[in-house]
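# Structural features, examined
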Amino acid sequence: MMRSSTITREFSILCQIQCLAFLAAAGLAPCNNRIICSKNESKNLENTAEMGLEQLLAVEFPHRSVSLTRIKREWVVPTINFPENDRGPYPKYMVKIKSSNGEKMAITYKISGPGADQPPEGIFTVDRRSGVLYVTQPLDREKTANYSLWAHALNEGVKAEEPMELIINVIDQNDNVPKFTQNPFYGRVSESAEIDDIIMKITAVDKDDPQTSNAMIRYRMKAQMPQMLQLFAINPVSGTISVKALGLDRETHSQYKLIIEAADMEGDGFVSTCTVIISITDSNDNAPEFTVTSISTSIPESEVGVEVVRIKVTDKDELGSPNANTRYSIIKGNEGGHFNISTGSNKMEGILKTAKELDFERIPVFFLLVVVTNEAPFSGSVLTSTATVTITVVDKNEPPVFSPAEIHVSISEGADIESLVVDLRAKDPDTARKQSVRYKLHNDTAGWLSMDKDTGSVTVKSRMDRESNHVKDNKYTILVLSYDNDAVPATGTGTLVVTLLDVNDHRPVIRQRKVSLCNSDPLPTLLDIMDLDGAGHAGPFTVELQGEHRINWTVITNSSSNVAALAPKKELSPGEYFVLMRIYDADMLYQDSTLVVEICQCQGAVSTCFIPRSAPRLRVPSLATTVLGAIFGLLLLLLLLLLLLRRRRRSEKDVALLEDVPRDNIFYYNEEGGGEDDQEYDLSLLHRGLDNRPQVFSTDVSPTVQSRPCYRLQLRANEEIGKFIEDNIHAADGDPTAPPYDSLLVFDYEGFGSEASSLSSINSSASDEEQDFESLAHWGPRFNRLADLYTSKIEEDDDTETLPGKTEWV
């Protein structure tokens with residue numbers, strides 16, 4: 001069976017080749033759609049008369065011999081080409097599909113795919129009976145360049161042939177105008193560019209088929225503005241714009257405008273235009289020039305960093321660019337480096353300053369030659385500009401100068417007062433002025449030195465201390481002033497550095513004041529020994545226990561370190577102990593030091609110190625401790641005696657207060673005046689005159705707009721009553737509606753004078769007789785003093801009877 005199939009395929013291919021050869025010999029073109037054609041197709045097409053279809057060429061395959069079995073032929077379908085924008089009419093015939101099984105059975109045809117039953121739907125249709133494929137509307141290659149359809153041959157809805165793919169290519173037509181990718185185009189070129197230097201490239205695109213001339217674009221330059229020598233050229237194929245001729249000058253024309261055309265069909269089709277703007281960039285083809293080429297000025301001597309003069313320049317190149325920004329240099333007259341020149345902030349001026357102190361006595365006048373260039377190198381050969389600056393040095397009073405400026409001397413810190421430290425001398429550079437020099441110490445912070453103002457001799461004023469805070473690294477630094485006797489004195493400065501040599505003037509001490517040790521197997525405690533003196537007068541140290549302290553304690557020192565190890569000789573009871581030690585330095589200068597040692601109930605090293613309450617507070621007494629204890633005991637005894645005497649005196653004074661004294665009552669009587677005569681006084685005379693003026697009243701009214709605070713009426717859970725009361729007090733203090741109100745009281749104006757007589761006319765009694773205050777004597781002891789004051793028994797004070805030292809109670 002396989003062999004028969006192979007023979008059939010070979011026979012089919014042979015028939016196709018013979019068909020093509022026959023058509024070529026006859027001078028006919030083969031069927032464009034290369035479908036299976038039939039010899040009688042032009043006679044049997046259905047509805048061909050109504051659709052106006054052209055007759056198709058038919059090719060009949062030769063039959064094989066009877067001995068060969070005919071099998072189904074395979075479809076060989078090439079690509080179908082159809083032009084876009086076809087004018088119709090529509091639907092328009094494209095190709096006829098035919099199955100070889102149509103002679104044996106009833107075949108119906110169907111197509112599927114994009115453009116048929118998939119979006120965009122309905123572009124292609126097929127006649128179910130005849131198999132003729134139609135296009136229903138104009139095609140647009142720019143939207144869809146090709147379509148892929150599948151043709152189906154069915155017999156009563158059942159597949160009669162395998163689906164066949166139909167590829168439809170849309171043939172391009174020149175229906176699109178070239179378009180530039182942007183408009184306008186911008187380019188830049190240096191004014192010093194050479195011929196054929198490429199400036200930029202412009203691009204236009206055409207949506208037509210790039211494989212055809214419909215999309216082949218050609219460029220040409222239509223205009224150049226300003227209109228002068230043609231300076232630019234464009235490549236017609238690539239669109240590259242380049243320099244065509246020399247003559248670009250930014251200072252003359254800084255910008256050019258070109259009109260460019262693009263045409264398809266290799267320049268014979270549709271045309272579009274765009275604008276190209278080319279900016280001419282600056283190149284350094286102009287040298288800067290000084291506005292003034294000769295300058296004269298003056299400057300005082302001995303001033304550094306002072307501005308001498310500013311030299312201005314101009315440049316035709318683009319301002320702010322490296323082609324115009326300037327640089328300056330002094331090419332003559334500054335061999336000593338007395339001056340330097342820099343560029344100003346605007347880059348168009350040079351600032352000349354002094355770099356060293358000028359000396360009128362050495363060089364009174366300077367002649368400088370200054371040249372100016374640009375930051376960028378010149379693009380061609382140009383002439384540079386120079387300027388001459390004449391500087392006259394003005395003489396002034398200069399301060400005396402110490403040489404060297406910093407003087408170092410060494411002296412012992414224990415030097416005697418008025419000992420000579422150093423003789424300082426300053427030189428006045430103004431030799432022609434014949435001035436004298438005076439001296440003064442400026443910042444002798446410790447006040448240890450003094451200086452002779454005429455000779456400059458420095459001597460010791462008070463005892464010096466190397467260990468003082470004023471000394472750093474054994475050096476005491478003082479600023480020394482030297483000044484002349486000019487009308488306006490000039491002052492120079494120098495530095496005196498005094499290195500203080502150490503003497504043994506400090507005794508060693510132990511840094512710790514209290515240490516802790518365990519009572520069982522204690523580790524020795526390490527004590528740090530300090531001595532403010534320097535090397536040679538401090539360590540190595542020696543430590544000795546004093547008196548009875550040697551019984552219970554031992555101390556060991558190390559000659560190579562400033563540490564001593566203290567430990568008990570035996571197990572001691574927990575408590576605090578005082579240990580007296582004497583510490584010697586290398587020169588055997590010593591000082592006694594008492595250390596508080598806390599013995600804790602523990603073993604080995606102390607982590608947490610625990611001393612039982614029942615443990616006795618043992619202390620090993622020393623002589624000083626005994627003396628202090630005795631003094632403290634005497635003071636305590638004296639204090640107790642004073643307290644007893646004071647208590648006894650107070651008890652004697654308080655006896656009268658402890659007695660049971662009679663307590664009488666005071667009776668109140670509604671008696672307001674001295675008698676009935678008081679009723680004759682007319683109290684209406686005291687009125688303010690407001691009885692007939694009811695419109696005047698007090699404005700004592702409560703506020704109505706204020707909000708009231710929140711008062712608490714009940715206690716909170718577990719709250720103290722004091723907290724509750726305090727909160728409500730704070731609320732009441734901030735209540736603006738609680739009386740008294742902050743309001744205005746209005747009263748009538750009373751005028752001048754008074755309708756009533758003086759109040760001094762009111763008397764408590766019409767008679768001049770005195771009142772009887774004898775009854776006060778019967779009110780008890782507490783009123784005795786009052787009775788003495790208002791009864792006739794009291795006598796007038798007689799100052800002459802008051803003796804010195806006597807106290808009078810009044």
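Residue numbers run consecutively from 1 along every chain, following the written order of its sequence. Thresholds applied to this predicted model are a pLDDT of at least 70 for local features of residues and 80 or more for the giving and counting of side-chain atom pairs; totals over whole chains, interfaces and linings are not thresholded and use all residues. Excluded from the side-chain calculations are hydrogens and water; all other atoms, namely the structure's heavy atoms, are used.

## Regarding the overall build of the chain
Helix and strand content of the chain: seven helices and 42 strands. Per-residue burial over the chain gives 33% buried out of 810 residues. Intrachain contacts of the chain at a sequence separation of at least 6 include 66% that bridge at least 24 residues. Working definition of accessibility: Shrake-Rupley area with a 1.4 Å probe, residue cover restricted to the visible protein chains. Counting only carbon and sulfur atoms, one obtains 53% of the accessible surface of the chain, whose full area is about 52600 Å². Put simply, DSSP H or I for four residues or longer makes a helix, DSSP E for two residues or longer makes a strand, and each gets a number counted from the N terminus. To sort residues, take the accessible area from a 1.4 Å probe on protein chains only and compare it with the maximum for the residue type: under 20% means buried, over 50% means exposed, and anything in between is partly exposed. Residue contacts are defined here by distance: any two heavy atoms, one from each residue, within 4.5 Å place the two residues in contact.

## Digging into the sheet that holds strand S11 (residues 198-201)
A pair of strands is treated as paired once DSSP finds two or more bridges between them. A sheet is described by the order of its strands in space; here three strands give the open sequence S11-S15-S14, paired in antiparallel fashion. At either end of the open sheet lies a strand with only one pairing partner, and these are S11 and strand S14 (232-234). Across the sheet, the mean angle from the axis of one strand to that of its neighbour is 20°, orientation sign disregarded. For helices, the fitted axis covers only the stretch in contact; all axes are lines through C-alpha atoms, and the angles between them, taken along N-to-C directions, range from 0 to 180 degrees.

## Some words on the sheet that holds strand S20 (residues 307-314)
Hydrogen bonds between backbone atoms are what pair the strands of a sheet, whose relative direction is either parallel or antiparallel. One open sheet holds the four strands; their spatial order is S18-S20-S23-S22, and the pairing between them is antiparallel. Edge strands, defined here as strands with exactly one partner in the open sheet, are strand S18 (289-290) and strand S22 (339-343). Pairing of S20 with strand S23 (residues 349-354), which is carried by five bridges, proceeds in the antiparallel orientation. Paired with Ile311 across the strands is Gly350, a residue of S23.

## Looking at the pattern of salt bridges
Here, a salt bridge means any side-chain nitrogen of Lys or Arg that lies within 4 Å of a carboxyl oxygen of Asp or Glu. In the structure shown here, the tally under the stated rule is 20 salt bridges. The residue Asp86 makes a salt bridge to Lys92 at a minimum N-O spacing of 2.7 Å. Of the residues examined, Asp86 reaches a relative accessible area of 16% and is grouped as buried. Residue classification places Lys92 among the partly exposed positions, given a relative accessible area of 25%. Across the pair Lys159 and Glu162 runs a salt bridge, and its minimum N-O distance is 3.4 Å. Ionic contacts of the salt-bridge type, sharing partners, join the residues Glu307, Arg310, Lys312 and Glu349 into one network.

## Regarding unusual backbone geometry
Cis geometry is adopted by the peptide bond preceding Pro120, which originates at Pro119 and carries an omega value of -5°. Inspection of the secondary structure puts Pro120 in the loop between strand S3 (108-112) and strand S4 (124-126). For the peptide bond that leads from Ser403 to Pro404, omega is 0°, which places it in the cis range. By the secondary structure assignment, Pro404 is in the loop between strand S26 (401-402) and strand S27 (406-412). The phi angle at Asp196 is positive, at roughly 75°, despite the residue not being glycine.

## Considerations on the state of the cysteines
Criterion for a disulfide: a pair of cysteine sulfur atoms within 2.5 Å. Within this structure, the stated rule accounts for two disulfides. Here Cys518 connects covalently by a disulfide to Cys602, the sulfurs 1.9 Å from one another. Measuring handedness by torsion sign, the sulfur bridge of Cys518 and Cys602 sits at about -105° and is left-handed. Taken together, the positions of Cys518 in strand S36 (residues 514-520) and Cys602 in strand S42 (residues 590-603) put the pair 84 residues apart, joining distant regions of the chain.

## Section: the environment of Lys244
By the element assignment, Lys244 lies in the loop between strand S15 (240-243) and strand S16 (255-263). A sequence separation of 47 residues divides Lys244 from Asp197, and the C-alpha atoms of the two residues are 8.3 Å apart. With residues near it in sequence (within four places) discarded, Lys244 still touches Ile195, Gln230, Leu231, Phe232 and Ala233.

## Section: the packing of aromatic side chains
Aromatic pairs are defined between Phe, Tyr and Trp rings, using the six-membered ring for Trp, whenever the two ring centres lie within 6.5 Å; interplanar angles under 30 degrees are classed as stacked, those over 60 as edge-to-face, and all others as tilted. One pass over the full model with this rule turns up 10 aromatic pairs. Consider the rings of Phe124 and Tyr147, whose centres lie 5.0 Å apart with planes at 75°: the pair is edge-to-face. In this pair, Phe124 sits in strand S4 while Tyr147 sits in strand S6 (residues 146-155), placing the two residues 23 residues apart along the sequence. The same class applies to Phe124 and to Tyr147, which are both buried. Arranged with centres 6.2 Å apart and planes meeting at 50°, the rings of Phe402 and Tyr439 form a pair that is tilted. Of this pair, Phe402 sits in strand S26 while Tyr439 sits in strand S30 (residues 437-441); the two residues are 37 residues apart in sequence, bridging distant segments of the chain.

## Some remarks on the pairing of strand S17 (residues 271-281)
Burial within S17 is extensive, with eight of its 11 residues counted as buried. Strand direction decides the pairing type here: strand S10 (residues 185-190) and S17, joined by six bridges, are parallel. Bridge pairing in S17 places Tyr186 opposite Ile277. Here S16 runs beside S17; their pairing, made up of nine bridges, is antiparallel. Residue pairing across strands places Ala262 opposite Ser272, the latter belonging to S17.

## Thoughts on a nonpolar patch on the surface
Together, Phe632, Leu636, Leu639, Leu640 and Leu643 give the surface a local cluster of nonpolar side chains, amounting to about 510 Å² of exposed area. Turning to its location among the elements, Leu643 is positioned in helix H5 (residues 623-653). The patches described consist of residues with a relative accessible area above 30% and no salt bridge, like charges being joined within 9 Å and nonpolar side chains (Val, Leu, Ile, Met, Phe, Trp, Tyr) within 5 Å.

## Some points on helix H6 (residues 721-733)
Here, expected helix span is obtained from the residue count minus one, scaled by 1.5 Å. Taking 1.5 Å as the rise per residue, H6 with 13 residues should run 18 Å; its terminal C-alpha atoms sit 19 Å apart, in good agreement. Among the residues of H6, Phe724, Asn728 and Ala731 are the ones counted as buried. Axial view of H6: buried residues confined to an arc of 55°, hence all on one face. Among the exposed residues of H6, those pointing more than 90 degrees away from its buried face are His730 and Asp733. It is the directions from the helix axis to the C-beta atoms that the arc portrays.

## Observations regarding the pairing of strand S25 (residues 385-394)
Pairing analysis gives seven bridges linking strand S19 (residues 294-300) to S25, with the strands arranged parallel. Paired with Thr297 across the two strands is Ile391, which belongs to S25. In the sheet, strand S24 (residues 365-374) pairs with S25 via eight bridges, with the strands oriented antiparallel. By the bridge assignment for S25, Val370 is matched with Ala387.

## Structural notes on the side chain of Ser321
Structurally, Ser321 can be placed in the loop between S20 and strand S21 (326-332). Polar contact is the term for a pair of N or O atoms within 3.5 Å; when the atoms are in protein, one must be able to donate a hydrogen and the other to accept it, and sequence-neighboring residues count only if both atoms are side-chain atoms. Among the polar contacts listed, one links the side chain of Ser321 to the backbone oxygen of Glu318, at a separation of 2.6 Å.

## A word on the environment of Tyr577
Locating Tyr577 in the fold gives a position in strand S41 (residues 575-584). Assessed through its relative accessible area of 3%, Tyr577 is described here as buried. Residues Tyr577 and Glu598 lie 21 residues apart in sequence; the distance between their C-alpha atoms is 6.4 Å. Within the structure, the side chain of Tyr577 is placed 2.7 Å from the backbone oxygen of Ser573, a separation counted as a polar contact.

## Focus: the environment of Pro178
Relative to the helices and strands, Pro178 is located in the loop between strand S8 (164-171) and strand S9 (179-180). Separated by 25 residues in sequence, Pro178 and Thr203 have C-alpha atoms that sit 9.8 Å apart. Beyond its immediate stretch of four places on either side in the chain, Pro178 contacts Val205, Asp206, Ile217, Ala262, Ala263, Asp264, Phe270 and Ser272.

## Description of the side chain of Asn397
Topologically, Asn397 is positioned in the loop between S25 and S26. Look at Asn397 and you get buried, because its relative accessible area is 15%. Polar contacts involving the side chain of Asn397 include one to the side chain of Gln435, which spans 3.2 Å. Within the local environment of Asn397, its side chain forms a polar contact with the backbone oxygen of Val488, the two atoms lying 3.2 Å apart. Non-local contacts of Asn397, meaning those with residues more than four positions away in its chain, are made with Asp430, Arg433, Gln435, Asp484, Asp486, Val488, Pro489 and Ala490.

That's the geometry; what it means functionally is another story.
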